[in-house]
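If you want the building blocks of each chain, they are given just below.
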Amino acid sequence: MTSGVATPGGGWRRADPPSTGTRGDQRRTRKGGRRGRDGDPTVEDAEFSSYYGRPIVKPATWKNPEVPLYLFLGGAAGVSSVIGALGEFTGRPVLTRAAHHTAAGGALASVVLLIVDLGRPMRFLHMLRVFKPTSPLSVGSYILSPFSALTVATAGLHVLELVPAVRALPVARWIPGVRKGAAVGAAVFGGPMTTYTAVLLANTATPSWHEPYEELPFLFAGSALAAGGGVSMALSPPAESGPSRKVALAGAAIELAAAHRVEHGHGLVSEPYHLGRAGRLLRAAKACTIGGAGLTLLAGRSRTAGVLAGALLATGSMLTRFGVFDAGMASARDPKYTVVPQRERLAARQAEAAELAGGEARSVTR
Amino acid sequence: MTTVSSASPGLPGTGRPDGNRLFGPLPDVSGDAGYEPDHPARVGFFTDTSVCIGCKACEVACKEWNTLPMDDANGTRDQMALSGMSYDNTGMLGANSWRHVAFVEQVRTVDLPMPAVGLPGRSPGTGDVHAHDRVMADDAPRAAQTSVLNAQSLSEFDPQTGQSGDREIRWLMSSDVCKHCTHAACLDVCPTGALFRTEFGTVVVQGDICNGCGYCVPACPYGVIDQRKDDGRVFKCTMCYDRLTDGLQPACATACPTQSIQFGDLDELHARADARLATLQGQGVQTARLYGRDENDGVGGDGAFFLLLDEPEVYGLPPDPVVTTRDLPSMWKHAAAGAAMVVGVVLTAFVGRRP
Ligand code: SF4
Ligand code: SF4
Ligand code: SF4
């Protein structure tokens, strides 16, 4: 593909490696048969040059499982907060309480996981030193901070109401109002909670995260809806969990559709989503999500089905995050995913330029 | 206490008239980052790999000046190991190696009807005349580059190329470094403001601010910056900020014996590099090309740019790097649409008859 005998490279190729079997063949050819069973047939064998097969971009230093879990819990918490806020005003006390506790637990865990992931956890407050719209992590910190404060306040007020000593106080009658205010406040940040993490991954040089940047927010939103709907369905009786079931079903559909676009719409860069551990995780995720969605249809009649469906949907959502995380890491470790798409981009640009300039540009190489 | 970072481009009202400061040429990077107009000129490196002899003096000088710890080819600290792939045991740029000399060994069959690199068909004099024509317009850079590059002797005797039997062998060596991008993804995504643009137009990490979130590591399109695991924070080339503020040149450029690493004002380096490229091409080195010189490329041009003799990926450089934040406005739009969809889905689920 590059610097072959026919190109102006002068016929140079990398000298044979000193011994066989070592990593680092400069030109590697992959056969399509090595891909996973639902490998994308549109992906051509890639021939490319690299520096001893070493990665070009650095894979993220983020910890696994902390960061994928943080992606999952943040999303589930975000959707739960919206469900909880609407439950407040539609007379569904059990659903409301369950959703608020899920939101607070998820938000708190997200904060802890984010801090644990830092190289210097003691400096976590530096996240709020500046506000930078160009940094999804900065924007995310300004979403996560008020969200966690408000969800914890909402859940805390739910608990306070149950304490007899508090109920006896004259201020007790103000508690539901304050709680509703906090719940609505939290819900405002609930939507962004589900999608900013997609931008966090997409806004990197990691090929398999960056390329699907248009679909990743919808994948994460769908995954969060399935998880948030599923968990609140599992934690509330069928009589109250009607909306949760609808949310879970819609979420599962969106998650599956968006995952399909991410896994098949980007040629070579979609390949890591099928290979190795990422491929296995995502296939398991799909099985869980489909199973959970099927059981959700029965959850209106049976609490057991609801609990099972919720657990399956949450597991599917979690596995999706782990799979996406892994696929990106794999794409950063293999220079193929950096070099080949960039080469294609260059070639397309040159072809376009040649077309514009007519015959003259044909002698221009690069 | 919280401020909107001055190092954060793309904010409405502070940008250029066209509004896009995330991408494309940027004539005054320091001014754009908020420095007064009397800031120093933008500095940079021109690394001419055609005269690199692979001595690694730059690597050593950088390690010594910046007291960087030892590491192996995979960046493992305090580990000494051979990479087993070439003379290159540094392996890659990372938290502990801010200069990395790449070694590429290549062969070709001699009787190919190809233009020779080491021994051009015509006399060196002819080549020089051609080159001269091209650079006549500006004599100062021309003088600068002849003093640097021993162009004539290179065309007669190329120490990087040898012959054995019908095979010709050459070694490509290139000292890689942080590119100090015009649009630096690492700087754009840093949530703490630890990474900042200096008055010299370079990109530097403030060790006392960085909280080790690690976002800059996958954001860099060149895979330069990395985290020191035991320390937690990230490290990379500072273009010797401490030396620059004292009027000294960076340690690596000072140590380079062949002037393969040339430090200076970026404008002047551009002129010098263009002249050098013309000379080499005039001598028949058709594969010579500049990398990171074009301000219309995906990162708005590099503060540290290169003259290469093969495709960038052969040296471990991305062929067409793009700053990830170019697409960030679109990402935010899609994220907002996704968030709205979430609220919409939940709202509709609550609307309607109670079952
Ligand atoms: S090369 Fe990487 S680390 Fe250096 S300035 Fe550019 S983005 Fe930052
Ligand atoms: S690791 Fe440090 S320098 Fe890098 S983005 Fe995070 S705070 Fe900024
Ligand atoms: S400029 Fe200074 S910090 Fe950067 S590579 Fe050279 S010696 Fe190291």
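Quick notes on the rules
By convention here, each chain's residues receive numbers from 1 onward along its written sequence. Key to labels: chains lettered from A, ligands numbered from 1, both in the order written. With pLDDT at 70 or above as the cut-off, local features in this predicted model cover only qualifying residues; side-chain atom pairs require 80 or more to be listed or tallied, and sums for whole chains, interfaces and linings still use all residues. In computing side-chain properties, one takes all heavy atoms of the structure into account and sets aside hydrogens as well as water. UniProt positions are given in the numbering used here, feature names are shortened, and annotations may be inferred rather than shown by experiment. Whether a residue is near a molecule or strand depends on its heavy atoms: it is near if one of them lies within 4 Å of it. Amino acids are sorted into nonpolar (Ala, Val, Leu, Ile, Met, Phe, Trp, Tyr, Cys and Pro), charged (Asp, Glu, Lys and Arg) and polar (every other residue, Gly among them). The secondary structure listing takes helices from DSSP runs of H or I that are at least 4 residues long and strands from runs of E that are at least 2 residues long, numbered from the N terminus. Burial status follows relative accessibility: with a 1.4 Å probe on protein chains alone, a residue under 20% of its type maximum counts as buried, one over 50% as exposed, and anything between as partly exposed. Pairs of residues are marked as contacts when any of their non-hydrogen atoms sit within 4.5 Å. To obtain an axis, a line is fitted to C-alpha atoms, over the contacting stretch when the element is a helix, and the angle between two such axes runs from 0 to 180 degrees between their N-to-C directions. By definition in this entry, angles of less than 35 degrees are roughly parallel, angles greater than 145 are roughly antiparallel, angles of 65 to 115 are roughly perpendicular, and the rest are oblique. Handedness of a helix crossing follows the sense of rotation of the near helix relative to the far helix, less than a right angle counterclockwise being left-handed and clockwise being right-handed. Buried area: the accessible area, evaluated with a 1.4 Å probe, that two parts lose upon being put together, summed over both parts. We define a salt bridge as a contact between a side-chain nitrogen of Lys or Arg and a carboxyl oxygen of Asp or Glu at a distance within 4 Å. Paired strands, in this sense, are two strands between which DSSP finds at least two bridges.

As recorded by an unreviewed UniProt entry, chain B carries the name 4Fe-4S dicluster domain-containing protein and is attributed to Goekera deserti. Heading Subcellular location (unreviewed entry) of the UniProt record for chain B holds this comment: "Cell envelope".

As named in an unreviewed UniProt entry, chain A is Polysulfide reductase NrfD, taken from Goekera deserti. What UniProt states about chain A under its Subcellular location (unreviewed entry) heading is, verbatim, "Cell membrane".

Colleague: Would you mind going over the site of ligand 3 with me for this structure?
Modeller: Not every one of the 13 residues close to ligand 3 is listed here, only the nearest: Cys 62, Cys 237, Met 239, Cys 240 and Cys 252 of chain B. Looking at the shell around ligand 3 residue by residue, the class counts come to 10 nonpolar, two polar and one charged.

Colleague: Could you clarify how one ought to interpret the site of ligand 1 in this entry?
Modeller: Inspection of the region around ligand 1 gives Cys 178, Lys 179, His 180, Cys 181, Ala 184, Ala 185, Cys 186, Cys 220, Pro 221, Tyr 222, Val 224 and Lys 236 of chain B as its neighbouring residues. Split by residue class, the shell around ligand 1 holds nine nonpolar, one polar and two charged.

Colleague: Help me understand the UniProt feature "binding site: [4Fe-4S] cluster 4" (unreviewed entry) in chain B in this model?
Modeller: All names here are of chain B. Here, UniProt's "binding site: [4Fe-4S] cluster 4" (unreviewed entry) annotation points to Cys 190, Cys 210, Cys 213 and Cys 216. What stands out for the annotated residues spanning 27 residues is how close their C-alpha atoms remain, the widest pair being 10.5 Å apart. Within the fold, Cys 213 resides in the loop between β7 (203–205) and α7 (216–219). Judged by its relative accessible area of 9%, Cys 213 falls in the buried class. Tracing the backbone shows Cys 216 in helix α7. Given a relative accessible area of 6%, Cys 216 falls into the buried group. Once you skip the residues sitting within four places of it in the chain, Cys 216 turns out to touch Cys 186, Val 189, Leu 195, Ile 225 and Val 234.

Colleague: Help me understand the packing of helix α9 (residues 276–296) of chain A against helix α10 (residues 303–333) of chain A, please; the structure alone is not making it clear to me.
Modeller: What describes two packed helices is the angle between their axes and the distance between those same axes. Residues and elements named next belong to chain A. Between α9 and α10, the least distance of the axes is 7 Å, while the angle of their chain directions is 155°. For the element pair α9 / α10, the angle class is roughly antiparallel. In this structure, α9 crosses over α10, and the sense of that crossing is left-handed. Of the residues contributing to the contact of α9 with α10, the split by class is 17 nonpolar, nine polar and two charged.

Colleague: Can you walk me through the UniProt feature "transmembrane region" (unreviewed entry) in chain A in this structure?
Modeller: Per the UniProt record, the feature "transmembrane region" (unreviewed entry) sits at residues 67–86, 98–119 and 139–160 of chain A. Across residues 67–86 of chain A, the secondary structure splits into 100% helix and 0% strand, with the terminal C-alpha atoms separated by 29 Å.

Colleague: When you look at the interface of chain B and chain A in this model, what are you seeing that I'm missing?
Modeller: When the parts of a complex come together, some accessible area is lost, and that lost area is often taken as the interface size. With 104 residues of chain B in contact, the opposing surface of chain A contributes 89 residues. Summing the contributions of chain B and of chain A, the shared interface buries around 8,000 Å²; its carbon and sulfur component is 61%. For the pair chain B and chain A, the number of links is five salt bridges. A salt bridge links Glu 313 of chain B to Arg 343 of chain A; the nearest nitrogen and oxygen atoms lie 2.7 Å apart. Elements with a minimum of two residues in the side of chain B that touches chain A: β1 (3–4), β3 (99–109), β5 (167–177), α6 (185–189), α7, β8 (226–227) and α11 (328–350) of chain B. Sort the elements by how many residues they give to the side of chain B that touches chain A and α11 of chain B lands first, with 17 residues. For strand β1 (residues 13–14) of chain A and β3 of chain B, the ladder comprises two bridges, and the chain directions are antiparallel. The residue bridging Arg 14 of chain A from the neighbouring strand is Gln 106 of chain B, located in β3 of chain B.

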